[in-house]
Amino acid sequence: MAPSRSRDVQLTSIAGAEDDDAGDLEEVRLLDSYDSRDGIDDGGMRRIQVRVTGMTCAACSTSVESALCAVDGVITASVALLQNKADVVFNPALVKDEDIKNAIEDAGFEAEILPEPSTTGKMPHGTLVGQFIIGGMTCAACVNSVEGILRDLPGIKRAVVALATSLGEVEYDPSVIGKDDIVNAIEDAGFEGSFVQSSEQDKVVFEVVGVYSLIDTQVLEGVLGSIKGVRQFRFDQISGQLDIVFDPEVLSPRYLVDGIEGGSNGKFKLRVRNPYTRMASKDVEESSTMFRLFMSSLLLSIPLFFMKLVCPHIPMIYSLLLRRCGPFLMGDWLKWGLVSIIQFVIGKRFYIAATRALKNGSTNMDVLVAVGTTASYAYSVCALLYGALTGFRAPVYFETSAMLITFVLLGKYLECLAKGKTSDAIKKLVELAPATALLIIKDKGGRSIEEKEIDSLLIQPGDMLKVLPGTKIPADGIVTWGSSYVNESMVTGEAVPVQKEVNASVIGGTINLHGVLHIQATKVGSDTVLSQIISLVETAQMSKAPIQKFADYVASIFVPTVVSLALLTFFSWYGAGSVGAYPEEWLPENGNHFVFALMFSIAVVVIACPCALGLATPTAVMVATGVGANNGVLIKGGDALERAQMVKYVIFDKTATLTQGKASVTTAKTFTGMQRGEFLRLVASAEASSEHPLAQAIVEYARHFHFFDDSSASNGAQNGAKELKSGWLFDVSDFIALPGKGVQCLIDGKPILVGNRKLMAESGIDISDEVENFVVELEESARTGVLVAYDGIVIGVLGISDPLKREASVVIEGLQKMGVRPVMVTGDNRRTARAVAKEVGIQDVRAEVMPAGKADVVQSFQKDGSIVAMVGDGINDSPALAAADVGMAIGAGTDIAIEAADYVLMRNNLEDVITAIDLSRKTFSRIRLNYVFAMVYNVVAIPVAAGALYPSLRIKLPPWVAGACMALSSVSVVCSSLLLRRYRRPRLTQILEIVVE
């Protein structure tokens, strides 16, 4: 295991912190001193676990077991090779923990005593989800290697690694393994690892300004030690990063900031560290590192080519290069020295990564680069030494090694830039969040007494915030004062500004255009809409499409296959030359058959590129998810993209999906001579306790009629009087809501039922022909008839209409033109359902379906293997959304965390259904094109590099040219994926012009 990196970090646990609390925390777990009785069984024996690093085979584990059993006092020792762990039971009176560790290290391995879990009898702590930056991955083989190593670690429940984002998401048990262990495992595998963030709710990370000396550090420790609720902290003096583990029931991050800044008399300034900012800085740092290495290699390579191509034409300089200096010429010394720096200093990263990859039993792009450059360098050195001993001057190829490394580094640099472009979506979303907010501080009487600027990451639920014109809304909340228009296009994709008045909800990150607003924060941190959008996009970019399995398989066999082909190429050409199968004129000047064959084999090694295959899918998925987010379509993963492009059926829920979801009463008719006002008062009293949209429409209509005595009058001023006024509704008892039927209750001791025919029939209430004919008339005009029975008699009927969305019929026609068959499902009666379906152009209708039965409808269309999409409002459609191959939750702009859906359509617009399917099709067309290019490149390039065209056309690729082709191949695939950024949502007029053959 890599050594601990805590020398620059001060670790401090707060004295007096409760043991019960400490047992729950990963960081405290690393620092607590355990009671000497922990881990001792009834017989006085002690059991510990030791992490053992360096074991590679069964012989290693046997060696460790033997070394442990040889220690006096060790009762049993069991070593798990795959888990890199030893379980040891020993007598603590005869042997100590350190003796066991020393025994393992004496056997030639690294050892680390693992902390013991708490034995307080508490319930086990839940798992955490952590994100880690993983640098140095070049192809799908690297991803497979990292994932395999992480999944084999003890305590790891799940590990997913994304090549395009260089991110790993790991679900782990903090009582078994810590984040530092995970980082060390990544680094031991030959990659760079660093922790980004985790799902811990009791930890916060600050950037501290003002700590410049040891005295300042001691002051900071003193301040933190005096704050009640701080369990443990860790401060890095170099980066100024302060990690605090605290009790969320005692204090909050804002209280911590106030306490530390106040306790230091303003000397220290704290700011919450945004993990996404660190990720962006890592991307910039990686690009900068690659550019620096590339420029260094290029600057050292230029003199090599100057000596080879230019100096022979300048006699004075050339004569100096030909001057002998010891056993070699001056020019040879210069070439050897320059290339050695490029090979072993600048190119060191390839050797380190290749060595660790081979150590872990895997191969990657670094192995190919290391093999190719080493072969060229080693041959050139041997040729020099052979010439010094024999006097025969053989050709050297130092320039080949230099240019190979230079072009590979150029490719890596361009790849970093291109991959950075693919993650622009998350960067743009992160930039939407405002840095600060104006906190309104009130006195006990509720009067504003002060406005204070705070970090937006410190906002707490219930905070009153002031939003000035032209500034961003800092958090999700409710408007408590003021009126303005808000631009929500950056979150919902809706271009038209939305008016916001008192009690209106607002979304953090959107822009207040005109007036001043006071809002009360309701959702902060990871609960905000913006944070959940970022999380969804991030999750999608971490996911793997099923088609990626093909690339993973190819990557697992690619490098061994290429090395085998290179060896075959070498022996084929060398053997052919030895028997005179080709003329001597083909050989280079002063060359031989060995050199001739070696150049072909090196070209094969360096031209092969598994990177292009590995990047073909993830880069396209990354760009597509970003483009979708910019258009208000959130995609949860590559698998959702792959299924959506094959959709055959799209099933629409009717209410709030095809319709506007704004039901209104259009007709109210009585059949018993009862006054309409009295009738509406009875119905409203029964429906007032129901949360169904139709019930709310009925109550609103009755209230309006009761207070204004004119059901047709409706304007903004009158709607201000919507509040319930005591005394106008009857008292009800025994209220029961009957899903799919209606409601029933008692008023003045008499039963009243409000619902459909089924409710009336089950209650034994007759429906006269007059009532039935009126209801049929309503249903045939696409309205819903609601029957009302009081004391066993139908007393009236209400006609309710839910207008269709203006784009519904055009979208349905557009889907049909795209070869997708639309279906409508609803719990409404068949006549109303058919009338609505006819109006929008849907032929296939499923009516009178209960919410739970919608999933059965979805499954009925899946029986023949068809891919089915379900579009619902995300409220009562979750079972159907989950059952569908592609679930689309529409109009979920303020409730986007819908686990059942694969797509979240932020706007309440059906056009986004077409956008989702069209974007999926465009994305997978691009992925297929990427794979075709990557496969064709390798299939064509490897034979050409092997010399297949040399006998007939004399085409020969020098190794440095092959290296340039390899470097540019992966860049071209990434650039191909970046073309998806030019995607524009389809215009319906263009879709309607499609002719289905």
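Residues numbered from 1 in each chain as written. Predicted model: local features only at pLDDT ≥ 70, side-chain atom pairs only at ≥ 80, totals over all residues. Heavy atoms only, no water.

**Some points on the overall build of the protein**
Helices and strands together make up the secondary structure of the protein, namely 35 helices and 37 strands. Buried positions account for 52% of the 997 residues belonging to the protein. Just so you have it, the protein exposes about 44,400 Å², and 55% of that area is on carbon and sulfur atoms. (Helix = DSSP H or I, 4+ residues; strand = E, 2+ residues; numbered from the N terminus. Buried < 20%, exposed > 50% of the residue type's maximum accessible area, 1.4 Å probe, protein only. Areas by Shrake-Rupley, 256 points an atom, 1.4 Å probe, with all protein chains shown as cover.)

**Focus on the side chain of His518**
Along the polypeptide, His518 turns up in strand S24 (residues 517-523). His518 sits in the buried class, given a relative accessible area of 19%. Among all residues touching His518, those that are not within four sequence positions of it are Ile440, Leu465, Lys466, Ile478, Val479, Thr480 and Trp481. (Contact = heavy atoms within 4.5 Å.)

**Topic: the sheet that holds strand S30 (residues 750-755)**
Two modes of strand pairing occur in sheets, parallel and antiparallel, and in both the strands are linked by backbone hydrogen bonds. As summarised here, the arrangement of the six strands in space is S27-S32-S31-S30-S29-S28, forming an open sheet in which the pairing is antiparallel. Both outer strands of the open sheet, strand S27 (664-670) and strand S28 (732-738), are each paired with one neighbouring strand and no more. Each neighbouring strand pair of the sheet contributes to a mean axis angle of 15°, computed without reference to strand direction. Where S30 and strand S31 (residues 784-790) come together, four bridges link them in antiparallel fashion. (Pairing = 2+ DSSP bridges. Axes fitted to C-alpha atoms, helices over the stretch in contact; angles between N-to-C directions.)

**Details of the packing of aromatic side chains**
On inspection of all chains with the given rule, the structure shows 26 aromatic pairs. A centroid spacing of 4.6 Å and a plane angle of 10° characterise the contact between Trp573 and Phe600, whose relative ring orientation is stacked. One end of the pair, Trp573, is in helix H18 (residues 548-578); the other, Phe600, is in helix H19 (residues 593-607), and 27 residues separate them in sequence. For the pair Trp573 and Phe600, one class covers both residues: buried. Centre to centre, the rings of Trp573 and Tyr950 are 6.4 Å apart; their planes meet at 80°, and the pair counts as edge-to-face. Here Trp573, found in helix H18, pairs with Tyr950, found in helix H33 (residues 950-953); they are 377 residues apart in sequence, far enough to count as distant. Both residues of the pair, Trp573 and Tyr950, belong to the buried class. What links up through ring pairs into an aromatic cluster is the set Trp573, Tyr582, Trp586, Phe596, Phe600 and Tyr950. Sitting above the plane of the Tyr950 ring, Arg954 keeps its charged end 5.9 Å from the centroid. Looking at Lys956, its charged tip hangs above the ring of Phe600, at a distance of 5.3 Å from the centre. (Phe/Tyr/Trp six-rings, centres within 6.5 Å; stacked < 30°, edge-to-face > 60°. Lys NZ or Arg CZ within 6 Å of the ring centre and 35° of its normal.)

**Topic: the nonpolar core**
Judged by nonpolar contacts, the single largest core of 154 residues is most densely connected at Val650 and Tyr903. Among the elements that take part in this core, helix H32 (residues 911-945) stands out by supplying 14 residues, more than any other. With 25 residues, the next largest nonpolar core counts Val665, Leu682, Ala686 and Phe705 among its residues. (Core = buried A, V, L, I, M, F, W, Y, C linked by side-chain atoms within 4.5 Å.)

**Points about the packing of helix H11 (residues 330-346) against helix H12 (residues 348-359)**
The interhelical angle for the contact between H11 and H12, taken along N-to-C directions, is 45°, at an axis separation of 4 Å. One finds that H11 runs oblique with respect to H12. Counted together, Gln343, Phe344, Val345 and Ile346 of H11 and Lys348, Arg349 and Tyr351 of H12 form the full contact between these two elements. Looking at the contact of H11 with H12, its residues break down into four nonpolar, one polar and two charged. (Parallel < 35°, antiparallel > 145°, perpendicular 65-115°, else oblique. Nonpolar A, V, L, I, M, F, W, Y, C, P; charged D, E, K, R; others polar.)

**Some words on the packing of helix H7 (residues 214-226) against helix H8 (residues 253-263)**
Put simply, H7 and H8 touch, their axes get as near as 9 Å, and they point 130° apart. Taken together, H7 and H8 sit at an angle that is classed as oblique. Helix-helix and strand crossings are classified by hand; for H7 and H8 the assignment is right-handed. Residues Leu220, Val223 and Leu224 of H7 form the contact with H8, whose participating residues are Gly259, Ile260 and Gly263. Counted by class, the contact of H7 with H8 contains four nonpolar, two polar and no charged residues. (Left-handed = near helix turned anticlockwise from the far one by under 90°.)

**A few points about a negative patch on the surface**
Taken together, the side chains of Glu98, Asp99, Glu105, Asp106 and Glu110 define an acidic patch exposed on the protein surface. Summarising the element assignment, Glu105 is placed in helix H4 (residues 97-106). (Patch = residues over 30% accessible without salt bridge, like charges linked within 9 Å, V, L, I, M, F, W, Y side chains within 5 Å. Salt bridge = Lys/Arg side-chain N within 4 Å of Asp/Glu carboxyl O. Lys, Arg positive; Asp, Glu negative; His and termini not counted. Charge placed at Lys NZ, Arg CZ, Asp CG, Glu CD.)

**Section: the pattern of salt bridges**
Between side chains of opposite charge, pairing is possible as soon as their charged atoms come close. Scanning the model with the defined rule gives 25 salt bridges in all. The salt bridge partner of Lys466 is Glu451, with a shortest N-O separation of 3.1 Å. Linking Lys466 in strand S18 (residues 464-467) with Glu451 in strand S17 (residues 448-455), this pair joins segments that are 15 residues apart in sequence. A salt bridge links Arg703 to Glu700, with the shortest nitrogen-to-oxygen separation between them at 2.8 Å. With a gap of three residues between them, Arg703 and Glu700 both fall in helix H24 (residues 693-708), about one helical turn apart. Of the residues examined, Arg703 reaches a relative accessible area of 11% and is grouped as buried. Residue classification places Glu700 among the partly exposed residues on the basis of a relative accessible area of 26%. Here the salt bridges do not stand alone but share partners, grouping Arg757, Glu772, Glu779 and Arg831 into one network.

**Brief notes about helix H23 (residues 676-687)**
A rise of 1.5 Å per residue sets the reference length of H23, with its twelve residues, at 16 Å; its end C-alpha atoms lie 16 Å apart and thus fit the reference within 8%. Of all the residues in H23, the buried ones are Phe679, Leu680, Leu682, Val683, Ala684, Ser685, Ala686 and Glu687. (Expected span 1.5 Å × (residues − 1).)

**Looking at the sheet that holds strand S23 (residues 511-512)**
Spatial strand order, S21-S20-S23: three strands in an open sheet with antiparallel pairing. The open sheet terminates on both sides in strands that have one partner only, identified here as strand S21 (498-500) and S23. As paired strands, strand S20 (residues 484-487) and S21 are joined by three bridges and run antiparallel to one another. Across the sheet, Ser484 pairs through a bridge with Lys500, a residue of S21.

**Structural notes on H19**
Here H19 is 15 residues long and its end C-alpha atoms lie 22 Å apart, about the 21 Å a rise of 1.5 Å per residue gives. Within H19, 14 of the 15 residues are buried, which leaves it mostly tucked inside the rest of the structure. Put simply, Asn592 is the residue that caps the front of H19, since its side-chain oxygen is 3.1 Å from the backbone nitrogen of Phe594. (Polar contact = N/O pair within 3.5 Å; in protein donor to acceptor, adjacent residues only side chain to side chain.)

**Some words on unusual backbone geometry**
As a rule of thumb, non-glycine residues mostly have phi less than zero, and peptide bonds are mostly trans rather than cis. For Asn265, which is not glycine, the phi torsion reads 60° and is therefore positive. In this structure, Asn265 sits in the loop between H8 and strand S13 (269-272). For Asn265, a relative accessible area of 74% gives the class exposed. Here Arg954, not a glycine, exhibits a phi torsion of approximately 60°, which is positive. Examined against the element boundaries, Arg954 turns out to sit in the loop between H33 and helix H34 (959-978). Its relative accessible area of 43% is what places Arg954 among the partly exposed residues.

**Focus on the confidence of the model for the protein**
Put simply, the protein has an average pLDDT of 80, and 84% of its residues get 70 or more. pLDDT under 50 marks residues 117-125. Its contacts with residues more than four places away, or in other chains, come to seven contacts. Throughout residues 709-726 the model reports pLDDT below 50, and contacts reaching past four residues in sequence, or to other chains, amount to 21 contacts. (pLDDT = per-residue confidence, 0-100.)

**Remarks on the side chain of Arg926**
By the secondary structure assignment, Arg926 is in helix H32. Within the buried core, Arg926 has no salt-bridge partner, and the shortest N-O distance to an opposite charge, that of Asp918, equals 12 Å. Setting aside anything within four residues of it in sequence, one finds Arg926 in contact with Ser976, Ser977, Leu979 and Leu980.

**A word on a nonpolar patch on the surface**
A grouping of Phe550, Val932, Met935, Val936, Val939 and Val940 is seen on the molecular surface, where their side chains present a nonpolar patch of about 500 Å² in accessible area. With five residues, H32 is the largest single contributor of residues to the nonpolar patch. With respect to the element layout, Phe550 can be found in helix H18. Residue class for Phe550 comes out partly exposed when judged on its relative accessible area of 39%.

**A short note on the environment of Ala882**
Structurally, Ala882 can be placed in helix H31 (residues 878-883). Linking Ala882 and Asp902, residues 20 residues apart in sequence, is a C-alpha distance of 8.5 Å.

**Regarding the environment of Arg47**
As for its position among the elements, Arg47 is in strand S2 (residues 46-53). Accessibility expressed as a relative area gives 48% for Arg47, which makes it partly exposed. Sequence separation between Arg47 and Thr76 is 29 residues, and the spatial gap between their C-alpha atoms is 9.4 Å.

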